[in-house]
Amino acid sequence: MPSPTPFATAAQTLRHRLTTALRTRGGGGHDGPSRWTSPGHQERPNGYLFNRPPPPPGQSRKWEDWELPCYVTSFLTIVILGVGLNAKPDLTIETWAHQKALERLEAQKSE
């Protein structure tokens, strides 16, 4: 059985190379900017919905240009889907079999 010394030295060398690489690339526990963020992004949310502070008391929030068309389109989509899905024909196999059974019963009664 080989002695554990070569494995220990290999592990120590690998650990040393990894920590050196992390330090030179800027990847370990520093407070500066990282490569995953860019200027203009907040580190933490500010506690407001969509990061928009509420308007001053007595004033209402001004709608943005996209809001009215989006709300109208969403409402119309819900109405069209609600009407359309309720008015679609029932094409399930159970309904077809039930109708065929009723037709056969009617045919047997008339004979």
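About the thresholds
Residues numbered from 1 in each chain as written. Predicted model: local features only at pLDDT ≥ 70, side-chain atom pairs only at ≥ 80, totals over all residues. Heavy atoms only, no water. Salt bridge = Lys/Arg side-chain N within 4 Å of Asp/Glu carboxyl O. 1 Å grid on protein atoms, 1.4 Å probe; cavity = no way out; pocket = protein on both sides within 12 Å on 5 of 7 lines; lining within 4 Å. Points joined across faces, edges and corners; volume = space filled by probe spheres on them. Nonpolar A, V, L, I, M, F, W, Y, C, P; charged D, E, K, R; others polar. Phe/Tyr/Trp six-rings, centres within 6.5 Å; stacked < 30°, edge-to-face > 60°.

By the naming in an unreviewed UniProt entry, the chain is NADH dehydrogenase [ubiquinone] 1 beta subcomplex subunit 11, mitochondrial, taken from Liquidambar formosana.

Moving on to the pattern of salt bridges. Taken as a whole, this structure holds three salt bridges when the rule is applied. Glutamate 67 is the partner of arginine 61 in a salt bridge, and the nearest nitrogen-oxygen pair spans 3.1 Å.

Put simply, the largest pocket is a space of about 210 Å³. Lining the largest pocket are Leu49, Phe50, Arg52, Pro53, Pro54, Pro55, Arg61, Glu64, Trp66, Glu67 and Tyr71. Among the residues forming the lining of the largest pocket, the class breakdown is seven nonpolar, no polar and four charged.

On to the packing of aromatic side chains, then. The tally for this structure, following the rule as stated, stands at two aromatic pairs. Between tryptophan 63 and tyrosine 71, the ring centres sit 5.5 Å apart and the planes meet at 80°, which makes this aromatic pair edge-to-face. Here a set of aromatic residues connected by ring pairs shows up, and it is made of Trp63, Trp66 and Tyr71.

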